[in-house]
Amino acid sequence: MRQTMLALFLLSGTAAAPDDFNPVDRYFEAVWKNAGISFRRAADDYEFLRRASLDVVGRLPKPDEIRAFVREPDRDRKIDELLASDEAAEFFADTWLRLLLSYKFEETLPLKINFPAFRAWLKDSAAKDLPYREFVTQLLSDTGDYKQNPAANFLLAAIDPVEPPYEITNRITRIFLGLQMQCARCHDHPFDKFTQEDFWGLTAFFNGIKPKARRTFDGFGVKLMMEPPGSAMRIPDSKTEVRARFLDGRTPDPSQPPLKELAAYFTHHQQFSRAIVNRVWAHFMGRGFVEPVDRFTEKSKPAHPELLETLCEQFERNDTRLRPLMRTILTSRAYQSSCVAVKDAPVDSCASMSLKPLNPVQVLNFLSTTLNLEVFLKEFYRKFLESKDLPETYRNPEVFKMYLHQFTSGLLAPTGIAPEETRYTGSVRLALKLMNSNDLQGLVKAEWGRLADILKKDPSPEVRLEEIFLTLLSRPPKAAEKERYLAYIERKKGGKNAYEDIYWVLINSTELIFNH
Amino acid sequence: MTTTCGHCASGRRDFIKIAFGAGAAAALSGRFQLPSFAASKPAKAKAVILLWMQGGPSQLDTFDPKPGAETGGPHKAIETKTKGLLVSEHLPRIAQTSDSFSVIRTLFSKDPNHDTARYLLHTGYRTDPTVDHPHLGSLLAAELGTRAEGLPGCITLGKEPGAGSGYLPPELSPLLIEKIENPLEDLKLANGVTSFRLADREKLLWSQNEGFAAEHAETSVDSQRKAYERAFSLMRSPHLKAFDISSEKDETKKLYGNSPFGRACLMARRLVEVGVRFVEVTLADWDTHADNFNRTKGLMEQLDPGMSGLLQDLAQRGLLDETLVVWMGEFGRTPRINGGNGRDHWTRSFCAALAGGGVAGGRLLGRTNPLGTEAQDRPVSVQDLFATIYGQLGVDPAKKYMTPSGRPIKILEGGDPLKELLS
C-alpha cells in the first residue's frame, strides 16, 4: 500500500516541494511523508553557515561573515559565493591531494612527485570546474614531464621502485570506481566477481611504467615513461601470463595508446558516476548511499537507489561537472535540516543532518582561524624553507602543508589514519594537545592572538563573550550559557584569565570538533 | 605450512558463519566476545615489551651474519654464549647476554611494503579493506585488562603505532608518547594553569558539553566524551612518575646507554613495573637502501646497550620471567648489496628474537644457507610468531571477537607456537 502511494507520489510530481527542480527535495518529501515524519527542524542561519563553510571551504566562518549573513540570510546566494570562491578550490585541492595519495604522506614523496605542480593543477581543475570525466582522464593517462603534465604525478606517486605497478590498480579502482580489488591481487576474490586475472589484466596496462629522473634547463625533473608500453606480464609467483584487458574481459584497441583506452573505459564504466556521486553525497551528508564510500560490491544495496541514479543522470547531463552536483545537494532541504535527531525517524531518512567529525584539513584550518596559527607557523615555515638538511624539492609551501595535515591526522587517530577513512572514535591525543599543549595555550594568550584582538575591541563582557562564541562556535551564546559565563567572568573579577578559560573550554568542546 | 592469504583469511569459511549467524550477530550489534571452547593454558608472561626496528633491520648485519661471503659486507661477526649463533661485532653486549634470549633466523612473509608489513607484524593479519584489526598490545589489554590505574594497557614510545584499536573499543587504542625526552609534554598542565584552575575549566567544559550531548545522542559524541574522560584520568594517574627516568640510579641509566632508544627501553621497564601490559619501543631508520653499513653500525650502537641493558635489568629485578621481550621489524634486507652500498627489502628469511616470559634463552631456530639467500630448514610464519606470543600470555588465539559489522573474527588465524623455544 505504502509503496503504491510512494510510486504515485513520485509519478505525480505535484509535491509541495519548495524547489520542484531539486531532485533531492522531490525524493525526500516523499520519503518523509511516507515514513510519517511531519515535523522536521531546519538548521538555523548560524548552523547553516557554519555547516556550509566547513563543507565547501573547509573552515569556520569568521564573525564578520556571520553577522553579515544573518542580517541578510540569502542561502542560495551564499552557496554560490562559497562554491565559486578561491578557498573552495584550495579545500578541494587539499582534500583530493590526500585522497589521491591514499591519505598518507610518505616522507620520500617530495622526491618522487612535484607537489607544487600537482596541487596547482588540482586547484585549477576545481576553480574552473573541469568536467570530472576530463579530470579522471588526465589522472589516468597523462605521462611525460611532471611539471608540464602535472596530472602525471598521480601515477608517479603510486609507483614502487621494485614492485610491479599493482598499487596503481588498487588506487584507481577504489578511488574512481568505488571498487575494492586488492584481495584479487593474490587470489580470486571470495565475495566479489573479480578474479586474479582481472586484477593483473588491469595492472598490465601499466606494465613498463617508470619514472625517469633527468636534468632539465631549470635543474631537475622527472618524466613518467612507459617502456615498453602495455605488454603482457606474468602474475607474480605463478606461470600465468596476462595481457592488458578490461574488467569485462575485452581487450584494448592495439592501435590506440593503452592508457587512453583505459581512461575511456573507466570514465564510461557504470560505476564511474555512482562512485563520485556517492563520495560527494557522503562528504556533505555524512553518510554515503553506499558505505564505506569506496566499497561498492555485487551485493551492496545503496540506500535510496533511485535518488542515486537520478543524481548520476543529472551529473552526466551537466557534463560531469561537480559544482552543479554540489549545488543540488547544498540547496536541498535534506542538507539544510537541523542536526537534532527527529524522533522515530529511520537513520537513512535524512530527516536530520548527521554529525560529521572534522577531518585533518578542517582541524588545521580551525586552529588557524581561531588561534592565528599562521603567525606562529611563519617562523617554522621560514626555517623549513631555508633548511639545508632538506633537498630542494621539499622546500615549498605545498609540502609544508602536507606535513601539517599529517600532524593533524595523527592527532585525530592513533595510527594517522583519519576519520574520513574510518569511524571517528574520539582521540585522547587531540584532547591532551588541546588541553595542555604550551604551544597552543601560548597562542590563546599571545599579544597578537585572536583572543587579544577580541579583548582589545570592546571592554563589555557581553560583547566579548558573544565574539568568542562567534569565533569558535559560529553562533552567539544561548541564554543559559550567557548566564553561566558572565557569572564566571564576574567571579574572576573580569580578568583576562577568565576569558582564557572560556576560550579553552570552547576549543575543547564537543560542539567544535563536529560539523553539525 | 599453511597457505592462507592473511587479508582474506576468514574468507570462505567465515562466509558460512556469517550466512547462518548473521541475524544473531546483528542483534548483538556491539563488539561481543564469542565463547571459546578451547581451554586456555596458564600464562607464563604478564607483559610484553616490543623492540620495534622500524624500516626493516638487516638480518645479515645483526643476528644472521655471513662473514666472508660475498653477501656478508664489511662488519665482522663475533661468537656469542649461544652455540652456533654469531652476531655482528657491533653487538658485543648482546653477544654476552645471548643466554637470555632465543633467535629465529627463518621468519618469512610475503609483504615487502613498509606500511602493510608493519600492520602485519603488529596485528598478525594483512590489511583488509573490510575490517580493521587491533594492535597486538590493544588485544592483550582487552584480554588481560590493565593493572595500572589511569594508564592505558598499550603504550608506544616515540613513533606512531603500527595499528590502532581496530575492531576493539577506542579506549584500547595505543597511547603514543611522542617525545622520549619530554614524555609528559601534553600530560602536564600548561604553564600558568594550576590544578584549581583546571578544575574550574573542567567543570565549565562538562556543562558546555552537556547541552550539545542532550541534542545529539550519537555514538561519536559519546566517544568524544569518553576520550576526554580518559585524558583527564591519564593526567591524574598516580603512575605518571613511571615516565620519569630521572629518578633512576646512574648505574642503571648507564646500563641502557646514552641514547633516546636506551632511555625509552628504561622507560618501558618502569611502565611494565607499574602494570602496563604492552610497551612498544621504536628504533627507527633501518630502511638502509643506501649506505647500509655505516648506518647499521650507528643503529647497533644504540641497540646493543639498550636491548642488553633491558634484559639484564629485567633479570636483576626478577621481572624477566613475567615479561616477554620481542625484537623484530617489518622484514629483513636483501643479501645482495646494491650499487649504493645498501640493501633492499627482503621477506624470504629474516630475524626476530624473543626473551623472557617463559621463552628459553640461548636457543636458535632455523638456519639460512651460506649466502643468506634461502632458508634451509624450519620456516617460521608471522602467525607462528604471534601464536607463540599469545600462548605465553595465556591468550587463546582461536577465541573470536565480533567486529562492528557483525563478523566473527579470530584473535589469530593459523599459526603454531614455536615449541622449540619454550622452556
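Residues numbered from 1 in each chain as written. Chains lettered and ligands numbered in written order. Predicted model: local features only at pLDDT ≥ 70, side-chain atom pairs only at ≥ 80, totals over all residues. Heavy atoms only, no water.

1. Considerations on the packing of helix 15 (residues 305–317) of chain A against helix 16 (residues 322–330) of chain A
Residue and element names in this part refer to chain A.
(1) Moving on: Where helix 15 meets helix 16, the closest approach of the two axes is 8 Å, and the angle between their N-to-C directions is 140°. The angle between the axes of helix 15 and helix 16 places the two elements in the oblique class. Both helix 15 and helix 16 take part in a crossing whose hand is right-handed. Across the interface between the two elements, L311, Q314 and F315 from helix 15 touch L322, L325 and T328 from helix 16.
(2) Moving on: Looking at side-chain class alone, the contact of helix 15 with helix 16 contains four nonpolar, two polar and no charged residues. (Axes fitted to C-alpha atoms, helices over the stretch in contact; angles between N-to-C directions. Helix = DSSP H or I, 4+ residues; strand = E, 2+ residues; numbered from the N terminus. Parallel < 35°, antiparallel > 145°, perpendicular 65-115°, else oblique. Left-handed = near helix turned anticlockwise from the far one by under 90°. Contact = heavy atoms within 4.5 Å. Nonpolar A, V, L, I, M, F, W, Y, C, P; charged D, E, K, R; others polar.)

2. Quick notes on the packing of aromatic side chains
The description of an aromatic ring pair rests on the distance of the ring centres and on the angle between the ring planes.
All names here are of chain A.
(1) Moving on: Scanning the model with the defined rule gives 32 aromatic pairs over all chains in all.
(2) Moving on: Judged by centre distance (6.3 Å) and plane angle (55°), the ring pair of Y132 and F315 falls under tilted. On the criterion of sequence distance, the pair formed by Y132 in helix 9 (residues 132–141) and F315 in helix 15 is long-range, its members being 183 residues apart.
(3) Moving on: Taking relative accessible area as the criterion, Y132 reaches 1% and is therefore assigned buried.
(4) Moving on: Summarising the aromatic geometry, the rings of F384 and Y403 are spaced 5.9 Å apart at their centres and angled 75° between planes, so their arrangement reads as edge-to-face. Remark: Y403 occurs in helix 19 (residues 397–412) and F384 occurs in helix 18 (residues 373–386); sequence separation between them is 19 residues.
(5) Moving on: By way of ring pairs, the aromatic residues F92, W96, F118, W121, Y132, F135, F272 and F315 are connected into one cluster.
(6) Moving on: Against the face of W32 rests R40, its NZ or CZ located 3.8 Å from the ring centre.
(7) Moving on: Here the basic side chain of R51 rests over the ring of Y335, its NZ or CZ set 5.8 Å away from the ring centre. (Phe/Tyr/Trp six-rings, centres within 6.5 Å; stacked < 30°, edge-to-face > 60°. Buried < 20%, exposed > 50% of the residue type's maximum accessible area, 1.4 Å probe, protein only. Lys NZ or Arg CZ within 6 Å of the ring centre and 35° of its normal.)

3. Remarks on the pattern of salt bridges
All names here are of chain A.
(1) Moving on: Tallied over the entire structure, the rule returns 68 salt bridges over all chains.
(2) Moving on: Among the salt bridges present, the one from R214 reaches D145, with a minimum N-O distance of 2.6 Å. With R214 in strand 2 (residues 209–216) and D145 in strand 1 (residues 144–145), the pair connects residues that are 69 residues apart, well separated along the chain.
(3) Moving on: On the accessibility criterion, R214 (30% relative accessible area) is partly exposed.
(4) Moving on: Residue class for D145 comes out buried when judged on its relative accessible area of 8%.
(5) Moving on: Members of the salt-bridge network, linked through shared partners, are D86, E90, D94, R119, K123 and K401. (Salt bridge = Lys/Arg side-chain N within 4 Å of Asp/Glu carboxyl O.)

4. What to know about the interface of chain B and chain A
(1) Moving on: With 60 residues of chain B at the interface, the matching set in chain A holds 65 residues.
(2) Moving on: Of the roughly 5300 Å² buried between chain B and chain A, counting both surfaces, carbon and sulfur atoms make up 55%.
(3) Moving on: Considering only the surface of chain B that becomes buried against chain A, B:R201, B:L204 and B:Q208 emerge as the three largest contributors, covering 13% of it.
(4) Moving on: At the boundary of chain B with chain A, the tally comes to ten salt bridges.
(5) Moving on: For the pair chain B and chain A, the interface holds 17 residue pairs in polar contact (both at pLDDT 80 or more).
(6) Moving on: Of all the elements in the fold, those that place two or more residues in the side of chain B that touches chain A are helix 1 (11–28), strand 6 (175–177), helix 5 (195–215) and helix 6 (219–235) of chain B.
(7) Moving on: The greatest single-element share of the side of chain B that touches chain A, amounting to twelve residues, is contributed by helix 5 of chain B.
(8) Moving on: When its residues are assigned to classes, the side of chain B that touches chain A shows 27 nonpolar, 16 polar and 17 charged. (Buried area = accessible area lost by both parts, 1.4 Å probe. Polar contact = N/O pair within 3.5 Å; in protein donor to acceptor, adjacent residues only side chain to side chain.)

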